[in-house]
Each structure stands twice: as C-alpha cells, then as structure tokens.
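Spelled out, the chains give:
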Amino acid sequence: METGEAADGPGQPDGEGIRFSCASFNQDSTSLALGTPTGYKLFSLTMVENLDCIHESAETSDVYIAERLFSSSLVVVVSSAMPQRMNIYHFKKGTEICNYSYPNNILAVKLNRQRLVVCLEESIYIHNIKDMKLLKTLLNTPSNSSGLCALSINHSNSYLSYPGSATIGEIIVYDTNNLNTVTMIPAHDSPLAALTFNASATKLASASERGTVIRVFSIPEGLRLFEFRRGMKRYVNISSLSFSPDGQFLCASSNTETVHIFKLGPSGGDEAATWTAYMGKMFSAASSYFPAHVSGMMSQDRAFATVHLLASGQRNVCTLAMIQKLPRVLVATADGQLFIYNVDPLDGGECMLAHKHRLFNVDDDKVEGGESKSSAVTGPVQTCPSYAATAALPASAPVTATLTGYSEDGGTKKGEVIPEHEFAAGPVCLDDENEFPPINWCRDGTGGGQTRRS
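1. Thoughts on unusual backbone geometry
Argument step 1. In this model, Ile 219 is joined to Pro 220 through a cis peptide bond whose omega is 15°.
Argument step 2. At Asp 62, a residue that is not glycine, the phi angle is positive and equals roughly 55°.
Argument step 3. In the Ramachandran plot, Lys 325 falls in the positive-phi region, its phi being about 70° despite a non-glycine side chain.
Argument step 4. Structurally, Lys 325 is set in the loop between strand E25 (316-323) and strand E26 (326-333).

Below, the structure is given as structure tokens:
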C-alpha cells in the first residue's frame with residue numbers, strides 16, 4: 001500500500017507541535033516508520049491496544065524519509081543533513097548495506113520486492129533491489145517538487161506512476177519490470193496531489209490539488225472505473241490515498257478533520273465482473289450523450305464511511321489494514337499520534353475510535369479538553385529499545401561482512417508465478433546476512449546510483 005508523508009520537504013515540516021518529519025506505513029500496513037529530528041523509529045501494527053516500538057535509531061539526524069520493505073530488516077533513510085544521499089540499513093544488525101548519492105535532493109523513495117525507486121524533482125532512478133544495480137534513469141520528467149509518485153507493491157506487476165505534467169493532472173504509468181511506459185492517463189484538470197495502487201496493481205487511484213474528486217483507473221489500460229466526490233463546497237489538500245488489502249475500499253485523508261472511505265464494489269477480486277462496475281461502465285458510456293455537468297455527476301458517489309479526527313489543519317497519513325482479523329483505519333498525525341478506528345464493512349457510517357497511541361515519550365502530551373469519552377482512550381506509553389551502540393556504520397567506512405546471495409525466484413521453476421506470501425517468507429526476510437544483499441558494497445559516492453563490487 002502506497003503512503004504519504006506527514007510533513008513537507010526535507011526536514012521542514014509545516015504546522016505547530018510536529019514531533020516528526022515523515023510517517024509512512026510499509027507496503028502491507030504491518031508497521032509504521034517515523035523520521036524524527038534525532039533519527040527514525042519503527043513500530044509494529046499487529047495489535048490494536050499495544051504499539052510495539054521494534055527499532056529506534058538515533059545515529060542520523062533530521063530524517064525526512066524512512067521506508068521499510070514489508071516486514072523485513074531493510075529500511076531506507078534520507079536525512080536533511082545530506083538530502084542527496086540515500087542510506088539502506090539492515091536495522092536488526094545495526095549495519096549499513098549501502099548508500100547512493102544523486103545529483104539533487106531526494107524527494108521520495110518507493111520500494112517493493114523487485115524494485116527500488118528514487119524520485120528527484122526532475123528525474124527518477126529505478127534500481128533492482130536484489131543488487132541495487134541501476135536499471136533505468138528517467139530524465140527530464142515534469143517538475144515534481146513534492147516528489148509525488150507511487151510504486152505498486154506487487155512484484156509481478158511492478159508499476160510506477162508519476163505526474164506527466166506540472167500544470168494538469170496527467171499520470172504516467174511505467175512498467176519497472178520491462179522498463180517501458182505503459183500508458184498516460186488524463187486524470188484531472190489540475191495538478192496531481194496523491195496517487196496509490198491497489199495490492200494487485202490492477203487499479204490506480206488519484207486526486208488533484210483541488211481535492212474534490214478522487215478517480216480510480218484500471219491498470220494497465222488506464223480506463224476510468226470509479227469517481228468519488230469527497231466534497232463540493234471547498235478545495236482541500238489530500239495528503240494520502242490508500243486501498244484496503246482486498247481492494248474493496250479506498251480511504252483519503254486531507255488537511256480537514258474528516259477521513260473519507262469509499263466503497264468500490266462487493267468483490268475484492270475482479271470488480272470488473274461486479275454489478276457496481278457494470279453499472280459504472282454503463283453510466284460512463286451513456287455520459288457521452290449528456291452535458292458535461294450532468295454526465296459527471298452520474299459516476300460520482302458519496303463516502304461509504306467517515307472518520308472524524310480530533311483536529312484539522314495538520315498533515316497526516318492514513319491506511320486501511322486488517323488488524324486482529326478486523327478492518328481498521330489507521331491515521332498517523334503530525335503531532336505524534338496514531339489513531340486506530342474500527343470500520344463497519346457492511347453498513348459503513350461513522351467509524352469508532354478503537355485506540356489512540358502517542359508515538360513519543362513526552363511529558364507535555366495532554367488529552368484534548370474537548371474529547372469525547374471514546375476518543376479519550378489512550379494507549380500505554382511505549383519505551384523503545386536503544387540501538388545506539390549498534391546503529392548504522394559511518395558512511396566513510398565500507399561494509400566488510402561477506403554477504404552471500406539468494407535465489408531470485410525462491411526456488412520456483414523458471415517462468416512460474418511466485419505467490420506473494422511465498423516470496424515474502426523466503427528470500428527477502430532479511431533476518432540473517434545470507435539473504436540480502438547478494439554482494440559486498442563499496443560506496444564510492446559518485447552519485448546517480450553508481451557502485452562497485454568489492
């Protein structure tokens with residue numbers, strides 16, 4: 001599941017009371033990564049009432065990008081102290097796997113089991129995550145000051161989406177496996193603000209800077225499947241979009257106090273065969289016979305469920321996840337809190353707060369005076385173990401451990417499709433040094449993803 005950041009720019013968060021520079025849920029929403037002024041933190045999200053801090057690093061200051069590869073030990077970190085350099089760590093060992101430098105500031109890093117993508121303002125670098133070889137550089141991309149892009153979590157259909165224009169909402173869909181452009185989608189009239197793929201990479205959701213309409217397209221064809229209107233009276237800044245694991249729901253958070261959850265259809269597998277999608281296509285076909293202001297409304301829908309946050313005006317990131325076998329909405333807010341809400345998948349409506357966690361051990365945290373009894377639920381303050389003594393190696397010193405390779409296909413026959421769960425349990429667990437990476441790294445600092453084999 002693709003995520004957003006909880007603050008803008010390299011180490012320059014907006015708003016008051018912000019405790020961290022970025023927040024990102026991992027690809028399957030089983031953990032949360034925070035970039036902080038003193039390092040980064042990783043939290044496990046397998047329980048509602050207990051939030052475990054599984055790692056805390058205080059060796060890198062002002063981290064504004066922190067991305068974890070699923071539930072593995074690989075974490076990517078970028079600091080505002082060196083915004084042109086990406087560091088990749090094996091956090092359980094406290095060692096650095098490698099680092100890469102780029103010509104300009106890194107604005108976003110996305111990764112799945114096959115690819116690692118680095119987004120700069122006017123270029124994109126695509127690496128093979130197995131050995132970090134640079135596979136493709138997309139130069140002279142449209143100006144993208146926020147680093148907006150999305151990478152599908154499905155390694156078989158590894159698609160990348162990014163803005164195709166700086167002035168209108170065009171989306172470029174790029175196949176990072178075959179290294180070619182798949183399609184260009186004219187999604188919105190105004191510039192893009194958010195993008196995300198569903199888990200199977202068969203759908204792409206987008207929102208523009210106006211924030212009033214969210215659209216869902218088929219991938220790789222780029223056909224419009226759904227259109228949801230989150231509001232008509234005011235423009236909002238949508239900060240994140242996220243599909244549920246089964247693809248049935250899509251949530252959107254913004255700078256307002258409301259998180260909207262839309263229902264795509266009764267089936268999470270192939271919505272194209274469902275009644276909802278069928279009617280949507282019928283409306284789309286009929287819309288060509290009506291004026292634009294009439295036909296547009298025929299394919300729009302209201303939110304199926306909503307979450308009302310305690311405050312508005314601050315950046316946040318949301319995701320839909322299954323925790324303890326029930327659907328939940330998770331919202332990490334820029335003031336250092338994580339809210340977990342229950343979702344009624346049948347009736348929708350207002351989502352109830354299940355638990356609230358503070359992500360930092362601070363003495364001045366206070367429960368808001370206007371909270372209701374349900375929203376005053378507060379999780380226990382967590383104490384994170386210190387990894388300072390075994391944190392990442394200095395960038396000036398090469399990694400000396402011998403790291404042997406792993407089988408790219410996990411032992412399956414050539415040409416056979418590897419199920420996601422088998423691949424996850426096999427070569428990318430990153431629990432010991434024999435699984436990743438397949439070579440030693442010698443960091444030469446030459447930029448643009450260039451490295452040497454030891």
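2. So, the packing of aromatic side chains
Argument step 1. Considering all chains together, one arrives at 5 aromatic pairs under this definition.
Argument step 2. Measuring from ring centre to ring centre gives 5.9 Å for Phe 226 and Phe 228, while their planes differ by 5°; the resulting arrangement is stacked.
Argument step 3. When its relative accessible area of 2% is taken as the criterion, Phe 228 is described as buried.
Argument step 4. Taken together, the ring pairs connect Phe 226, Phe 228 and Phe 262 into an aromatic cluster.
Argument step 5. Here the basic side chain of Arg 113 rests over the ring of Phe 70, its NZ or CZ set 3.5 Å away from the ring centre.

3. Points about the pairing of strand E27 (residues 337-342)
Argument step 1. With 5 of 6 residues buried, E27 is to be regarded as a mostly interior element.
Argument step 2. Here 6 bridges tie E26 to E27, and the two strands are oriented antiparallel to one another. In the strand pairing of E27, Leu 330 is matched with Ile 340.
Argument step 3. Following E26, the chain reverses through 3 residues before pairing antiparallel with E27; Gly 336 in that reversal takes a positive phi of roughly 90°.

4. Considering the side chain of Thr 258
Argument step 1. As for its placement among the helices and strands, Thr 258 is situated in strand E23 (residues 258-263).
Argument step 2. Once residues lying within four places of it in the same chain are set aside, the contact partners of Thr 258 are Ala 252, Thr 306, Val 307 and His 308.

5. What to know about the sheet that holds strand E8 (residues 95-101)
Argument step 1. On the basis of which strands lie adjacent, the open sheet formed by 4 strands has the order E5-E6-E7-E8 and antiparallel pairing. Edge positions in the sheet fall to strand E5 (63-68) and E8, since each has one partner strand and no second. Neighbour-to-neighbour, the strand axes of the sheet open up by a mean angle of 20°, direction not taken into account.
Argument step 2. Bridge analysis of E5 against strand E6 (residues 74-79) gives 5 bridges, and the strand direction is antiparallel. By the bridge assignment for E6, Ile 65 is matched with Val 78.

What counts as what
Residues numbered from 1 in each chain as written. Predicted model: local features only at pLDDT ≥ 70, side-chain atom pairs only at ≥ 80, totals over all residues. Heavy atoms only, no water. Helix = DSSP H or I, 4+ residues; strand = E, 2+ residues; numbered from the N terminus. Phe/Tyr/Trp six-rings, centres within 6.5 Å; stacked < 30°, edge-to-face > 60°. Buried < 20%, exposed > 50% of the residue type's maximum accessible area, 1.4 Å probe, protein only. Lys NZ or Arg CZ within 6 Å of the ring centre and 35° of its normal. Pairing = 2+ DSSP bridges. Contact = heavy atoms within 4.5 Å. Axes fitted to C-alpha atoms, helices over the stretch in contact; angles between N-to-C directions.

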